[in-house]
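Examination of the molecular architecture
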Amino acid sequence: MGRHQEGTISNSASSLREPNLGKDKVKSSSTPVSRCLVCLDKNSCRVVRSRTKLMNNLISRGKPHEAHSIFNNLVEEGHRPTLITYTTLVAALTRQRRFKSIPLLLSEVEENGMKPDSILFNAMINAFSESGNVNDAMKIFRKMEESGCKPTTSTFNTLIKGYGIAGKPEESLKLLELMLQDGNAKPNDRTYNILVRAWCNKKRLDQAWNVVDKMVASGIQPDAVTFNTLARAYAENGETSKAERLMLEMQHNKVNPNERTCGIVVNGYCKEGNMTDALRFVYRMKDLGVNPNLVIFNSLIKGFLNITDTDGVDEVLTLMEEFGIKPDVITFSTIMNAWSSAGLMEKCQEIFDDMIKADIEPDIHSFGILAKGYVRAGDPAKAESLLSFMGKSGVHPNVVIFTTIMSGWCTAGKMEHAWGIFEKMCEMGITPNTKTFETLIWGYGEARQPWKAEDLLHIMEEKGIVPEMRTIELVAEAWRAIGLMDEAMRLLNESKEDPEVILNKAPEQSLETISRKQSLNTSYPNALQIPGVVVSDNGSSAANIRGQMISKRFEFSSESMQNVTRTMCVTRTSALRVQPLVICRRQFQSQVGICRQFENTCRVVYIC
């Protein structure tokens, strides 16, 4: 039953071929151009096999849209997809979150003379489970039973995972009982581990431990995955000390803590700001027979930077040298981000340059830190110049970086540059998201061009992006800002009647509420505040970012690392003090000027 079967081609395949946006748009055709004689004879077609393999490769490389196009072309050329091809298509649709198309595949497969097997059913169930849509997942499950295809352990595990994602672990328990009654699909260690994770995600550690008891009672011993899941739950709940004590339970069950276990504990202490215990545990790892890895050292560096403990960073760098571990792009990016947060982009750029000299290839995150920093500093031109550097480095810019650069030009009031970045992004085949459009809408609102802001709503529709209520409110506010209340009310009333508009999760704001907020901002003509645009790691707006101040200077050195070749400069920042929400650009620049007086106090830190 688990083996894929062959079938005949059907014209109904065109109903599933959803067009892509932009240049990769695929034209659907109800009739294939030609017929493949090999496929018609129900033999194994080399073209179908190679195209299916190519689809899998594209999906693994994060290009499900291209995999979808390969399927479309395969059908249009007259070839007959196999069950393996259809299963691969399900994976592509799942990555694209095109779930509505998936149930239609069952009827198409049957019309093509094939009978869906457990692998195809499981892939479909997994698609809906991953999205938390367990109702549709159960519909596929019932069709699976009606077709005479028996559910496997993997089927139940996928459904249990789906209920966990949907936040309904109690329903997962019912499925476990159903499995215990079913002689064909018995629970395995993965079944119980998924259940443990589901309860941990709900912060119900008591129920998670009950599942562990059931696991042991069934004759299955908890493994490292089980204990790591529990440890992570304790750490995320601010109880890292309990996560550490869990290692005694692991050793009692003859389960050795691994690098992931230790990483969870170290990271937990770092997030709690308890760097004393974090460093103590690293030294304890030797007794556990586990050597600290680069991930752990990067967590320590970030943790010490967060509490501005330069001696701690110094000790971590020394430990890295002793263990023969060299810094990677994350190490450099972490220190870059510290300089960027301090508003000192010259030092941030120096660290980036040192990374290049060390033959460490920058990634999208390191470029993102630079772009975000230059936008913070009011220099969108430098942020934009990174795009060409990224191309030379083989790093493809994403929607976040493009949106960040746009926000810089919008803040500077140069909408022609912001629109140019938008066009460049679309030319590169990068699909804008809601934040991208909200950035431009805000910019046109500030430029008192609400008609251009409203035009963006139509472009969103063309791109297949449904505006949220807050997006509509931004356009309405743009109209109100120039005194056209009738236009603002028209837009709001139309949006309320449009079933396609996504309502905000937060309570909807009235136009009067928005007006009152805007009136507060008019006292600051140079205010740097873009609603809904994220340009910081913690989700702060541009105004919040510019409100972060530096109140201390520090020195950073390492006497024990003189013989190595790479150099990093790191500044010590105090706890970032958040100023009022909106700050004038002139105020921010003067404050950064104060910070720059302390640049020369930093000493050099050497890292191998």
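Residues numbered from 1 in each chain as written. Predicted model: local features only at pLDDT ≥ 70, side-chain atom pairs only at ≥ 80, totals over all residues. Heavy atoms only, no water.

Looking now at the packing of aromatic side chains. What the rule picks out here adds up to nine aromatic pairs. Geometrically, the ring pair formed by phenylalanine 422 and phenylalanine 437 is edge-to-face, given 5.6 Å between the ring centres and 65° between the ring planes. Here phenylalanine 437 lies in helix α24 (residues 434-446) and phenylalanine 422 lies in helix α23 (residues 415-427), a separation of 15 residues in the sequence. The class of phenylalanine 422 is buried, set by a relative accessible area of 3%. Note on phenylalanine 437: relative accessible area 0%, which makes it buried. These aromatic residues form a ring-pair network of at least three members: Phe352, Phe367 and Phe389. (Phe/Tyr/Trp six-rings, centres within 6.5 Å; stacked < 30°, edge-to-face > 60°. Helix = DSSP H or I, 4+ residues; strand = E, 2+ residues; numbered from the N terminus. Buried < 20%, exposed > 50% of the residue type's maximum accessible area, 1.4 Å probe, protein only.)

This paragraph deals with the packing of helix α20 (residues 364-376) against helix α22 (residues 399-411). Packed helix pairs are characterised by how far apart their axes lie and by the angle those axes make with each other. The geometry of α20 relative to α22 is characterised by a closest axis approach of 9 Å and an angle of 10° between their N-to-C directions. As summarised for this structure, α20 and α22 are arranged roughly parallel, according to the angle between their axes. For the pair formed by α20 and α22, the contact residues are Ile364, Phe367, Gly368, Ala371, Lys372 and Val375 on the first element and Ile401, Thr404, Ile405, Ser407 and Gly408 on the second. (Axes fitted to C-alpha atoms, helices over the stretch in contact; angles between N-to-C directions. Parallel < 35°, antiparallel > 145°, perpendicular 65-115°, else oblique. Contact = heavy atoms within 4.5 Å.)

What follows is about the side chain of threonine 261. Along the chain, threonine 261 falls in helix α14 (residues 259-271). Within the local environment of threonine 261, its side chain forms a polar contact with the side chain of asparagine 228, the two groups lying 2.5 Å apart. Sequence-distant contacts of threonine 261, defined by excluding residues within four places in its chain, comprise Asn228, Met247 and Met250. (Polar contact = N/O pair within 3.5 Å; in protein donor to acceptor, adjacent residues only side chain to side chain.)

Glancing now at helix α17 (residues 310-322). Over its 13 residues, α17 runs 18 Å from end to end, which matches the ideal 18 Å to within 8%, given 1.5 Å per residue. All of the buried residues along α17 are Thr310, Gly312, Val313, Asp314, Val316, Leu317, Thr318, Leu319 and Met320. The N-terminus of α17 is capped by aspartate 309, whose side-chain oxygen sits 3.2 Å from the backbone nitrogen of aspartate 311. In the segment just after α17, glycine 324 is the residue with positive phi, at about 70°. (Expected span 1.5 Å × (residues − 1).)

This part is about a positive patch on the surface. A cluster of like positive charges, contributed by Arg190, Arg197, Arg232 and Arg260, occupies part of the molecular surface. Relative to the helices and strands, arginine 260 is located in helix α14. You can call arginine 260 exposed: its relative accessible area is 58%. (Patch = residues over 30% accessible without salt bridge, like charges linked within 9 Å, V, L, I, M, F, W, Y side chains within 5 Å. Areas by Shrake-Rupley, 256 points an atom, 1.4 Å probe, with all protein chains shown as cover. Salt bridge = Lys/Arg side-chain N within 4 Å of Asp/Glu carboxyl O. Lys, Arg positive; Asp, Glu negative; His and termini not counted. Charge placed at Lys NZ, Arg CZ, Asp CG, Glu CD.)

Of the residues in the chain, 75% reach a pLDDT of 70 or more, and the chain-wide mean stands at 76. This stretch, residues 503-608, has a pLDDT under 50; its non-local contacts, to residues over four places away or in other chains, come to 201 contacts. (pLDDT = per-residue confidence, 0-100.)

Right, let's get into the packing of helix α12 (residues 224-236) against helix α13 (residues 240-252). Look at α12 against α13: their axes get within 7 Å of each other, and the N-to-C directions meet at 160°. By the angle between their directions, the pair α12 and α13 is classed as roughly antiparallel. The way α12 lies across α13 gives a crossing that is right-handed. Taken together, the residues of α13 that come into contact with α12 (itself represented by Phe227, Leu230, Ala231, Tyr234 and Ala235) are Thr240, Lys242, Ala243, Leu246, Glu249 and Met250. Among the residues forming the contact of α12 with α13, the class breakdown is eight nonpolar, one polar and two charged. (Left-handed = near helix turned anticlockwise from the far one by under 90°. Nonpolar A, V, L, I, M, F, W, Y, C, P; charged D, E, K, R; others polar.)

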